[in-house]
Amino acid sequence: MSNVRFLMAHGSFFTLIDKPDQSYPAISWPEIVRMCKEPQAKDKVDADFFIPSTYRGNDGRAHQAQRERGVFMMLAIDVDQGNPSKADVIQAVRDVLGKVSMMVYSSSGATQDKRKWRVLLPLAAPISGDQYESAQAAFFYLLRQHGLTPDGALARCGQPIYLPNVPMAKRGPDLKPLFYDFEIVRGSNVFLTEASPIMQEVERREEQRRLANEQADAERREREKQRADRRQQHPNDVNPVDVFNDSHTIEDLLLRYGYQRHGSSAHFKSRYQSSESFATQNFVTHWVSLSGSDAAAGIGRSKAMGESSFCFGDGFDLFVHYEHQGDFTAAVRAYGLEINPPKIEMPENGMDDFDYVQPTQLDHIGSENNPQDYIDIPDATADAPQAAPDWPTVYDMFDEASIEPRRWIYGNHYLRSFVSVLASAGGVGKTSLQIVEALAIVTGKPLLGEPVKEQTNVWIVNLEDPLEEIQRRVLAAMKHYCIHPDEVRGKLFVNAGRDFSLKFGIQTREGVLPNTKLVEYLCHKIPEKQIGCVFIDPFVNAHAVSENENMAINAIVAEIRRVADETNCAIGLVHHIRKGNGEDASIDSVRGAGSLIGAARAARVVNRMSPDEAARIGIDEAEARSIFRVDDGKANLAPPADAAVYRKMIGVKIANGEWIGVCVGYQLPDVFDGISGKDAKRMQQIVADANNVGEPLRESSQSANWVGLAVAELLNIDISDKKSKGKVNTIVRTWLKTNVLATEKVMDRKKGRETNVIVVGEWINSDEV
């Protein structure tokens with residue numbers, strides 16, 4: 001082991017990918033041991049790291065290169081969660097592998113109160129990159145059974161492993177680490193033989209995958225046989241499921257629906273997985289997922305296997321889940337209409353409604369859910385507007401006071417006779433938000449702090465969730481806000497469930513066919529029930545047209561606006577956003593054609609609070625997961641909100657024993673609470689003194705002379721945790737923005753480049769403090 005040389009790199013940005021004639025530096029086990037005893041003192045971005053492989057080519061940092069050419073002589077663990085002691089970590093490893101050699105050292109982000117560890121375990125014999133990844137994944141699983149939670153990212157064979165390091169910011173005046181611990185445990189090297197626990201777990205996983213595929217393949221063949229029998233019975237019929245599977249590959253669909261591929265292999269990871277394993281395998285004719293999270297999400301068909309479960313399906317099953325919320329019948333109808341739309345016969349009398357939608361071949365096609373008809377769109381009409389008797393018309397209105405004011409119902413979001421949009425990713429809290437807004441409107445109470453400008457009846461139409469789920473959320477919200485049933489009874493109307501349909505039109509080869517019968521029904525019922533506000537969630541389930549075609553969406557929105565206009569009600573549409581790259585969604589992120597937002601007179605976008613945003617404003621990361629921001633994306637008829645509006649999801653226990661999420665108002669903490677103008681002036685003096693002695697404070701938080709350290713000392717803030725450091729960062733940025741402080745570029749002679757230092761902005765006068 002002492003002669004083995006591993007790939008090493010100097011800092012996060014160190015790469016040789018564009019230098020094919022060079023190789024990465026190397027480091028040996030004895031050198032790592034020495035570094036463990038005397039850790040480096042670098043900021044993380046500049047810290048040395050290694051990959052436990054002997055392959056050091058210029059592409060050695062790439063996962064695929066290490067997977068194909070890597071030779072690994074070590075297993076590794078990164079433990080950032082659970083705050084275990086060093087003894088806990090060692091014991092968990094020994095519980096799995098026995099008395100083996102290992103090196104345990106704390107990572108650069110560790111503190112006395114929040115311990116984090118890295119563990120290196122030398123192997124008795126080398127393994128390949130593929131073997132390394134499967135062994136690491138199995139090892140992590142076994143450790144979790146013994147109470148340790150390793151970072152799954154380290155299962156990837158090109159993942160950097162940072163060498164022992166204590167940055168200068170975490171060292172005292174004597175340069176000794178404020179917190180650092182390590183231990184070199186003697187024992188035997190790890191043998192990955194067939195009898196070892198790790199390889200037994202690898203074999204168990206392979207056997208589980210084999211059995212799951214056998215069951216999935218058997219059911220696939222049975223389904224194919226049933227479809228073949230139907231084709232024989234109805235040779236002229238076109239089955240949407242068969243056509244879809246013939247037209248789409250499993251690989252393309254997995255990538256379309258956001259699965260992450262493991263290199264160039266047939267293994268993928270879904271958005272539902274919390275682990276780093278690539279649990280979904282593409283078998284060309286079908287797919288199988290060993291992830292319990294995927295099975296719980298309802299993708300395809302699920303099966304039990306001992307204490308665990310798996311799921312499987314074909315390409316159409318993916319289409320059903322990701323585009324039709326698991327509604328097989330709706331998916332068959334939608335795709336059936338796409339490949340074989342209904343034929344329209346023109347009536348002899350041009351004033352008659354189009355009441356002649358001919359049945360298509362789809363009416364006789366069976367399916368797993370046995371839908372009998374796929375065309376459920378009522379009649380449509382092509383009424384032409386009557387021509388104005390005299391165009392153009394002279395403008396002759398100059399009495400301002402006689403014009404009726406706009407009739408806002410709630411805040412600047414819902415306006416009578418207009419359509420509004422609320423958009424976000426799934427699972428953030430928009431449905432719960434609208435339920436509380438509905439209760440505010442029917443009771444006249446500003447439950448979330450926004451004014452109810454007109455108390456009126458509300459109709460909630462949910463086309464995605466079961467009715468029982470909406471009932472749970474309504475009752476939980478009523479309980480939290482102490483709303484008595486008598487305040488709601490007769491004023492709130494709710495229709496929900498996957499069997500409930502409300503479609504404003506379909507798309508055919510001849511164009512969009514509007515559902516005029518539905519529009520007429522709504523124009524009668526909404527005034528009858530004295531409903532002033534209608535919420536439709538989600539918009540995509542309220543039509544059967546391509547959401548990416550502006551003309552088609554325009555036609556659907558025109559029908560919805562017609563309802564809003566003729567009934568003088570406000571209509572709120574809930575819509576989804578496109579999947580982003582970790583950035584906040586904006587009005588431009590709304591999925592599909594832009595004509596929807598163009599037609600709306602108010603639009604809001606919901607974003608979950610990110611861990612980075614939480615850290616910047618001093619909120620605990622665990623609490624941040626329940627907080628979301630509601631931004632005015634468009635407010636054509638009202639001024640935009642002066643500041644972002646935040647909401648929070650809390651748990652409310654209802655009488656059946658369940659905890660249900662309820663949306664509540666939320667105010668961000670003010671990082672300047674307790675900070676005065678005198679504090680700002682004292683900070684200016686500290687900055688000036690540092691410049692006078694030739695040791696200016698730095699803007700970069702990675703610098704050992706970062707200005708934030710001086711701010712933290714002045715204000716007595718302990719920045720050992722991410723939350724407090726984020727608060728200091730916010731204070732520094734605010735002072736820079738308000739010109740209390742400023743930055744200048746100076747030459748850093750040690751690094752040979754310019755760097756930003758802090759100077760005094762505009763001095764604060766004594767009478768200002």
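Data block above holds the structure.
The following paragraphs examine the structure supplied in this document. Because the structure is predicted, anything quoted here is derived from the model rather than measured.

**Observations regarding the pairing of strand E22 (residues 531-537)**
For step 1, the next point in the chain: The buried fraction of E22 is high, at seven of seven residues.
For step 2, the next point in the chain: In this structure, strand E18 (residues 457-462) lies alongside E22, joined through six bridges in parallel fashion. By the bridge assignment for E22, Trp459 is matched with Val534.
For step 3, the next point in the chain: Here E22 runs beside strand E23 (residues 570-576); their pairing, made up of four bridges, is parallel. The residue of E23 that forms the bridge with Val534 is Ile571.
For step 4, the next point in the chain: Following the chain from E22 across helix H14 (residues 550-567) to the adjacent parallel E23, one finds a crossover that is right-handed.

**With respect to the sheet that holds strand E1 (residues 5-10)**
Strand pairing in a sheet takes place through backbone hydrogen bonds and is either antiparallel or parallel in direction.
For step 1, the next point in the chain: On the basis of which strands lie adjacent, the open sheet formed by four strands has the order E2-E1-E3-E7 and antiparallel pairing. The strands lining the two open edges of the sheet, one partner per strand, are strand E2 (26-28) and strand E7 (161-162).
For step 2, the next point in the chain: Sheet analysis places E1 next to E2, joined by three bridges and oriented antiparallel. Within E2, the residue paired with Phe6 across the bridge is Ile27.
For step 3, the next point in the chain: The strands that helix H1 (residues 29-37) touches are E1, E2 and strand E3 (48-51); relative to E2, the one it contacts most, it runs at about 80°.

**A short note on the environment of Val574**
For step 1, the next point in the chain: Counting through the fold element by element, Val574 comes out in strand E23.
For step 2, the next point in the chain: Residue classification places Val574 among the buried positions, given a relative accessible area of 0%.
For step 3, the next point in the chain: Put simply, Val574 and Leu422 are 152 residues apart on the chain and 4.9 Å apart in space, counted from C-alpha to C-alpha.

**What about a nonpolar patch on the surface?**
For step 1, the next point in the chain: Nonpolar side chains collect at one region of the surface, where Tyr395, Met397, Phe398 and Ile403 lie side by side and expose about 480 Å² of accessible area between them.
For step 2, the next point in the chain: One can find Ile403 in the loop between helix H10 (328-339) and strand E15 (408-410).

Procedures and definitions
Residues numbered from 1 in each chain as written. Predicted model: local features only at pLDDT ≥ 70, side-chain atom pairs only at ≥ 80, totals over all residues. Heavy atoms only, no water. Buried < 20%, exposed > 50% of the residue type's maximum accessible area, 1.4 Å probe, protein only. Helix = DSSP H or I, 4+ residues; strand = E, 2+ residues; numbered from the N terminus. Pairing = 2+ DSSP bridges. Right-handed = clockwise from strand over helix to strand, strands pointing away. Contact = heavy atoms within 4.5 Å. Axes fitted to C-alpha atoms, helices over the stretch in contact; angles between N-to-C directions. Patch = residues over 30% accessible without salt bridge, like charges linked within 9 Å, V, L, I, M, F, W, Y side chains within 5 Å. Areas by Shrake-Rupley, 256 points an atom, 1.4 Å probe, with all protein chains shown as cover. Salt bridge = Lys/Arg side-chain N within 4 Å of Asp/Glu carboxyl O.

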